[in-house]
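This is what each chain is made of:
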Amino acid sequence: MSPSPAGGEPQQLSLLQGFPASAAEASGPALAARLPVARVLIESSLPHLDRPFDYSVPAALDAEAVPGARVKVKFNGQDLAGYLLERTAGSDAGHLLVPLHKVVSPVPVLTPAVAELAGRIAARYAGTVSDVLRVAVPPRMAKLEKEFAPDGRLDPELFGTEVSGVATAVSLPSPAAGSVWATYRNGPAFLAHLAAGESPRAVLTALQGYGSGGWPRMVAEAVAAVRISGRGAVVVVPDYRDLDRVESALLELLPAGDVARLTADDGQTPRYRSFLRVLSGAAGVAVGTRSAAYAPVRDLGLVVCWDDGDDLHIEQRSPYAHSREVLLLRAGQEGAACLLAAHSRSTETERLVASGWAQAVEAERTVLRRTVPRVLNTADSFEQERDPLARIARLPGAAWRAAKEGLERGPVLVQVARAGYAPSLVCETCREPARCTACSGPLAIAGPGGSSAVPQCRWCSAPAPAWRCGTCNGVRLRRGATGALRTAEELGRAFPGKPVITSSGDQIKATVPETAALVVATVGAEPVATGGYAAALLLDGDSLLRRENLRAGEDAVRRWFNAAALVRPAHDGGLVVITADDAAGVGALLRWDPAGYASRELALRQELQLPPAVRVASVTGGRTAVGHFTDAIAQRLAAQGTVLRTAGPAPVILPAAAGAGRTPLRDAASRDSAPRDAGEDVRTLLFIPYAQAADATAVMRAVKAAAAAKRSDDPVQLRLDGVDVL
């Protein structure tokens, strides 16, 4: 040992030179004089790394290392990206801290509110904060940051618009002046509370989907009301077609610079420019698809979710968060108003109304009768007596007459269940479904051409020119279902001289002209006619109801109401013909009572203790790994006095092709883990009462992190509230 030059503590001699190590080498670079410790969240999908790590802040990076900035750090010998969450005066790490390697950008793209929201979402869905932030914060565009933040600070004036928050430019019609909300019960009161700076919560059942009285105008008026109070708003819609419509409605009431469009479909550069506009305060309204739910709007006063029953609101990557739940958590966190709007009502929103958390905003029956079209069911006793073959005909006589009369007044919508020409084939002899010999997927004829087209697999796209039935050894095929293209071909023959427009698959149209035409569209792809459709034919209703899913009826009702809302009122000759058998959902459409159907469905789910009466977690993977994972969860919960109801493990049949419409089995965090055990995949469901949900999800998150750290088992997929598991 050698004494310190200043007479302090002795120093260890260097083993290489025999001299004491210099103080500079022992302590590293000079640190910031104030708040020298940075808490950094590393961008990693590994659950056991889902926590902040402490790093020291070099003096050279003191000015740029601000909370919310993107940084690079050394971790386990690698350069990893991350976000600087906060600066502190000290650390409890108990060891010498590694200094920050680099500040990628001094622009604070991660606000404290969004960081807190990401933590809440990760906790609710037993995921990682990094996975949530991957959706919340768009990829960096350095060129835009240099343009709008030349010194590291965003300047709203550089966007060419005035700073948002000024209410003088907002144009909001009063109820007396013809506001759409005036015709709805609780509608004027909801707008008044928004304009007064309060935070009401409402579930809107909109009647019309087109024209000046459509739902986009109602959403725009609600946003304009909250802008009058000087607060911001976030509007989330399922797809780009809804986004275009609501953006146009907003621009009719708000200045162009006050509305920012956030969607990945526009490309990275436009999306990041809009993100920076919102972040700087130049725009006070963010409208977009599901990632817009995280938009860093200042002084948030209102969150809006349109058509929350649409599966497009569910993030396709872990943790599979639903934008409705994101907005509900955000409204509670920031004290904002909440508006859940749709033509129908999901069981989740009905639960909010039934519990008193939100108020229903719906039209009186007198208003409803003069606004919606007349609905006719070809399966009722009266129509069956007039047309005995209506039950088995795909286009009964009543539907044909409605189309013929509707074409004299304008366009006619024809809704079908499937895209393509012949989306499913069966053996002509025994009627067994035709399956691919490679992956057992369903065979189909993709395009027009009838029997001359070669069948191919819908999962792996392998052609099957020499198919042979495995049951009866037959070689002839017939159509098991009719797609949109085949339906359009048949209607073209039935109505010669009338144009036929298709909207399905990759050729989805947003609008159609008001001229007389047959518009054949798959469910969810119905174009909008400016003046409304003269009539609508809802075909293949039984196919929608027969889907093997807990939400089949609820989803079918939602799709029917969405199509029927595009039809003109009954006093203008509007008529909707549905060909499904008598069922509770068909009755709800005939009465135009989506709230009643949702209430009935919720009551049944509560009696059976199924979602949304309870939460559900699905654990999917190899049988051994799923067993170990669920046993670990059960043991930890038992120590807390909690026992969950479980179902499974049961075999899971997943399509061989990734694009077959199912969620990928493996998360990104588990791709480099140990090889999976042999055998089929299984799934176990855990049903969680809401009173125990917080503790249960915390335990699941801890077990997931421990399993990822050990890498002893085959990885499993953990999903909360998946809509396709029941």
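A brief look at the structure comes next.

Quick notes on the rules
Residues numbered from 1 in each chain as written. Predicted model: local features only at pLDDT ≥ 70, side-chain atom pairs only at ≥ 80, totals over all residues. Heavy atoms only, no water. 1 Å grid on protein atoms, 1.4 Å probe; cavity = no way out; pocket = protein on both sides within 12 Å on 5 of 7 lines; lining within 4 Å. Points joined across faces, edges and corners; volume = space filled by probe spheres on them. Helix = DSSP H or I, 4+ residues; strand = E, 2+ residues; numbered from the N terminus. Nonpolar A, V, L, I, M, F, W, Y, C, P; charged D, E, K, R; others polar. Pairing = 2+ DSSP bridges. Axes fitted to C-alpha atoms, helices over the stretch in contact; angles between N-to-C directions. Core = buried A, V, L, I, M, F, W, Y, C linked by side-chain atoms within 4.5 Å. Buried < 20%, exposed > 50% of the residue type's maximum accessible area, 1.4 Å probe, protein only. Contact = heavy atoms within 4.5 Å. Parallel < 35°, antiparallel > 145°, perpendicular 65-115°, else oblique. Left-handed = near helix turned anticlockwise from the far one by under 90°. Disulfide = S-S within 2.5 Å. Lys, Arg positive; Asp, Glu negative; His and termini not counted. Salt bridge = Lys/Arg side-chain N within 4 Å of Asp/Glu carboxyl O. Polar contact = N/O pair within 3.5 Å; in protein donor to acceptor, adjacent residues only side chain to side chain.

The next thing to look at is empty space enclosed by the protein. Enumeration over the complete set of coordinates arrives at two cavities of 30 Å³ or more. Each pocket or cavity is described by its volume, and for the largest cavity that value is around 90 Å³. Around the largest cavity, the lining is made up of 13 residues, and of these Val135, Tyr294, Glu315, Ala321 and Val326 lie nearest the centre. Where the lining of the largest cavity is concerned, the elements lending two or more residues are helix 3 (129-136) and helix 9 (323-334). With three residues, helix 3 is the largest single contributor of residues to the lining of the largest cavity. Among the residues forming the lining of the largest cavity, the class breakdown is eight nonpolar, two polar and three charged. What lines the second largest cavity is Val135, Ala136, Pro138, Leu262, Arg271, Phe275, Ser291, Ala292, Tyr294, Ala295 and Pro296. Among the secondary structure elements, those contributing two or more residues to the lining of the second largest cavity are helix 3 and helix 8 (268-280).

So, on to the sheet that holds strand 4 (residues 78-88). Strand order in the open sheet made by the five strands is 2-1-4-3-5, with antiparallel pairing throughout. Every interior strand has two partners, whereas the edge strands, strand 2 (53-56) and strand 5 (102-105), have only one. The average undirected angle you get between the axes of adjacent strands in this sheet is 45 degrees. With six bridges connecting them, strand 1 (residues 37-42) and strand 4 associate as antiparallel partners. When the bridges of strand 4 are listed, Ile42 appears paired with Gly82.

Before going further, it helps to examine the nonpolar core. In terms of nonpolar packing, the biggest core is built from 75 residues, with Tyr294 and Met700 touching the most fellow members. Once residues within four sequence positions are removed from consideration, Tyr294 is found in contact with Val114, Leu117, Ile121, Val132, Val135, Ala136, Ala321, Val326 and Arg330. By size, the runner-up hydrophobic cluster in this structure holds 74 residues, among which are Leu253, Leu413, Ala417 and Ala529.

Take helix 10 (residues 347-354) next. Of all eight residues making up helix 10, six are buried, and the element is well covered by its neighbours. For helix 10, the elements touching its buried residues are strand 7 (201-205), helix 9, strand 12 (337-342), strand 13 (359-363), helix 16 (552-564) and helix 18 (594-608).

Packing of helix 2 (residues 112-124) against helix 3 brings their axes to within 8 Å, and their N-to-C directions diverge by 125 degrees. As summarised for this structure, helix 2 and helix 3 are arranged oblique, according to the angle between their axes. The chirality of how helix 2 crosses helix 3 is right-handed. Facing Val114, Ala118, Gly119, Ile121 and Ala122 of helix 2, the residues of helix 3 in contact are Val129, Val132, Leu133 and Ala136. Looking at the contact of helix 2 with helix 3 residue by residue, the classes come out as eight nonpolar, one polar and no charged.

Looking now at the state of the cysteines. Enumeration over the complete set of coordinates arrives at zero disulfides. No disulfide involves Cys305; its sulfur sits 8.1 Å from that of Cys338, the nearest cysteine. With no disulfide partner, Cys469 has as its closest neighbouring cysteine sulfur the one in Cys430, 3.7 Å distant.

This part covers the packing of helix 16 against helix 18. When two helices pack together, you describe them by how their axes are tilted relative to each other and by the distance separating the axes. As a packed pair, helix 16 and helix 18 sit with axes 11 Å apart at the nearest point and diverge in direction by 170 degrees. One element, helix 16, and the other, helix 18, form an angle in the roughly antiparallel class. Together, Gly553, Glu554, Val557 and Phe561 of helix 16 and Pro594, Tyr597 and Arg605 of helix 18 make up the contact between the two elements. Broken down by class, the residue content of the contact of helix 16 with helix 18 amounts to four nonpolar, one polar and two charged.

Across the two faces of strand 2 the burial is the same, with Phe53 and Tyr55 and Asp54 and Ser56 all buried. Alignment of strand 1 against strand 2, held across four bridges, turns out to be antiparallel. Within strand 2, the residue paired with Val37 across the bridge is Ser56.

With respect to the element layout, Arg683 can be found in strand 28 (residues 681-688). No salt bridge is formed by the buried Arg683. Its closest oppositely charged neighbour is Asp724, at 5.8 Å. A polar contact of 3.0 Å, which involves the side chain of Arg683, links it to the side chain of Thr620. When sequence neighbours within four positions are dropped, the list of residues in contact with Arg683 reads Ser618, Val619, Thr620, Ala647, Gly648, Pro649, Ala650, Val652, Asp724 and Val725.

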